Amino acid sequence: MVNPTQGVIAVIVAGGLATRMASATAAVPKVLLAIAGKSVLEHQLQQFRAAGITRVIVLAGHLAGAIELAAARASDRSFHVEVRTEAQAMGSGGCLRQLHDLNGPAVVVFGDVMFDVDLGALLETHTRQRATITAVVHPNTHPHDSDLVDVDADHRVTALHPKPHPPGSRLRNLVTAGLFVIEPAFIEQIPSVLEAPKLDLVQDLITAALARGQRVQAWQTSAYLHDMGTPQRYAQAQAAWAQGIPARRRRPRATVFVDRDGTLNRHVGYLRRPEQLELLPGVAQAIARLNQLDVQVVVVTNQPVLARGELDEAGLAQIHAELETQLGRAGAYVDRIYHCPHHPDAGFEGERPELKCACACRKPRTGMIDAATSDLHVDRAASVLIGDTERDLDAALNAGLRPVLVSANAHALAVARGVQWFPDLARACLALFPNPQPNPQPNPS
Ligand SMILES: [Zn+2]
């Protein structure tokens, strides 16, 4: 098998002025800020070296001299770090013009991003999908202050929503995370300095690539990626490194699987319009707390309204965008949402025959949980499924997860089946994850 990082160059975009970090970076470029005793640059170089990349180009501007010293210290015979300094500020996109000699894919990272990512897997996916640019994306705690994308079922980016978003926007929480793979064809399209001196990689160049119909792909990951755009986020990165969170993200994690209707949001019969979605009290705060504890949160929901033809995929996407927007306002996010569109009973007017089947994903079957386990690092023995019906309970048992029931409606069922019960999701999460330990108490065995 070919090593996916063979011959690949890594690029660090380190030229931007640290306008929002004025106090912390009065004398230091952002890429030289310290995390756990090492500069961000050193952390980034360590990631590239570990992935088998041997050549790095740092695009500098702000206080380039200090960066040149650090680059010289990091270089040796098998690992070469070169600094290219721009004469004028050209923005995160405009500075890429300095990569005129690129002859293969390059991994590009912003100088204020801490990451611990499987770069080989990223490059392999980028190449397989024949993308002109692949953007690493993830949900974050501040989607309102982030550039967001829409993707189709093949992870192709269909739209970009640059920050700031118009009031009342209803958008999925899929944020470009400051890590990309680009092809030379992407560089060749950048307008000249005379046409547009300053260009933003995401807002200007990806927007232009989408308009040209070039293939822009999104690579969604639950690996550690954290921007330090504000002093608060810099402090969060320091805390995360001190707690060992980046390395832990590479291993199976405690995961809270949650049902949607009746558990996250008020049950309204069949939810068909985003305006009907109302989070239950305390839900957003409970999920924000799980996010802070670094517990993964995955929604698993049966949506037979699709099979019945009462709602299409675009309509469901709008409902889930509303869900993520409401959570985002509280600084909360879910890692993934899986839905089952099927229903086993055929014979209704307007139904979609292709979705009328006995599938493997409809709860109490485990298909959605199995998909999450394959897409994410899930430690099933440390994980729970929280829901309000017998289907949720049985799905948990079938998947080897601890079942937890919530809501007054499920109380009798919980008693009858001898299952843990709480009045609502918020109280369940507090009881199951009572302290800063991210893992719940293991089941006695
Ligand atoms: Zn299904």
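Residues numbered from 1 in each chain as written. Predicted model: local features only at pLDDT ≥ 70, side-chain atom pairs only at ≥ 80, totals over all residues. Heavy atoms only, no water.

- Under an unreviewed UniProt entry, the name given to the protein is D,D-heptose 1,7-bisphosphate phosphatase, and the source organism is Enhygromyxa salina.
- The protein has a UniProt comment under Sequence similarities (unreviewed entry) that states "Belongs to the GmhB family."
- The protein has a UniProt comment under Subcellular location (unreviewed entry) that states "Cytoplasm". (UniProt positions renumbered as here; feature names shortened; annotations may be inferred.)

**Comments concerning the overall build of the protein**
- What the protein contains, in helices and strands, is 14 helices and 19 strands.
- Here the C-alpha radius of gyration of the protein, 23 Å, is about what a compact globule of 445 residues would show, namely 22 Å.
- Along the first, second and third principal axes, the C-alpha atoms of the protein reach 70 × 50 × 45 Å.
- Looking at the protein residue by residue over its 445 residues, the buried ones come to 55%. (Helix = DSSP H or I, 4+ residues; strand = E, 2+ residues; numbered from the N terminus. Rg over C-alpha atoms; globule rule 2.2 N^0.38 Å. Buried < 20%, exposed > 50% of the residue type's maximum accessible area, 1.4 Å probe, protein only.)

**Comments concerning the pattern of salt bridges**
- Inspection of every chain in the model, using the stated rule, returns 28 salt bridges.
- The structure contains a network of salt bridges with shared partners spanning R55, E82, R84 and D101. (Salt bridge = Lys/Arg side-chain N within 4 Å of Asp/Glu carboxyl O.)

**Some words on the domain arrangement of the protein**
- Domain annotation for the protein reports domain 1 (9–232) and domain 2 (251–432).
- Here the C-alpha centre of domain 2 lies 34 Å away from the C-alpha centre of domain 1.
- Taken together, the contacts link 13 residues of domain 1 with 17 residues of domain 2.
- Summed over both sides, the interface between domain 1 and domain 2 buries roughly 1,200 Å², with carbon and sulfur atoms accounting for 46% of that surface.
- Contact with domain 2 buries surface across domain 1, with T141, R170 and S222 losing the most and accounting together for 47% of the total. (Domains from an automatic or database assignment. Contact = heavy atoms within 4.5 Å. Buried area = accessible area lost by both parts, 1.4 Å probe.)

**Here we look at the coordination of the zinc ion**
- Within the protein, the atoms that donate to the zinc ion are C340 (SG), H342 (ND1), C359 (SG) and C361 (SG), at distances of 2.0 to 2.3 Å.
- The sequence motif formed by the donor residues of the zinc ion is C-x1-H-x16-C-x1-C. Here H342, found in the loop between β16 (336–340) and α11 (367–375), pairs with C359, found in the loop between β16 and α11; they are 17 residues apart in sequence, far enough to count as distant. Residue H342 shares its accessibility class with C359, and that shared class is buried. (Donors = N, O, S within 2.8 Å, 3.2 Å for Na, K, Ca; no water.)

**Overview of the environment of R391**
- With respect to the helices and strands, R391 occurs in helix α12 (residues 390–399).
- A relative accessible area of 41% places R391 in the partly exposed class.
- Taking the C-alpha atoms as reference points, R391 and V256, separated by 135 residues in sequence, lie 16 Å from one another.

**A closer look at the environment of I287**
- Inspection of the secondary structure puts I287 in helix α9 (residues 283–292).
- The spatial distance from the C-alpha of I287 to the C-alpha of V256 is 9.6 Å, given a sequence separation of 31 residues.
- The contacts of I287, once residues within four sequence positions are left out, are L264, V297, L327, A332, Y333, V334 and L425.

**What to know about the packing of α9 against helix α14 (residues 425–432)**
- Contact geometry of α9 with α14 gives a least axis separation of 8 Å together with a crossing angle of 25 degrees. The pairing of α9 with α14 is recorded here as roughly parallel in orientation. α9 and α14 meet at a crossing whose hand is left-handed. Within the contact between the two elements, α9 uses V283, A286, I287, R289 and L290 and α14 uses L425, A426, C429 and L430.
- When its residues are assigned to classes, the contact of α9 with α14 shows 8 nonpolar, no polar and 1 charged. (Axes fitted to C-alpha atoms, helices over the stretch in contact; angles between N-to-C directions. Parallel < 35°, antiparallel > 145°, perpendicular 65-115°, else oblique. Left-handed = near helix turned anticlockwise from the far one by under 90°. Nonpolar A, V, L, I, M, F, W, Y, C, P; charged D, E, K, R; others polar.)

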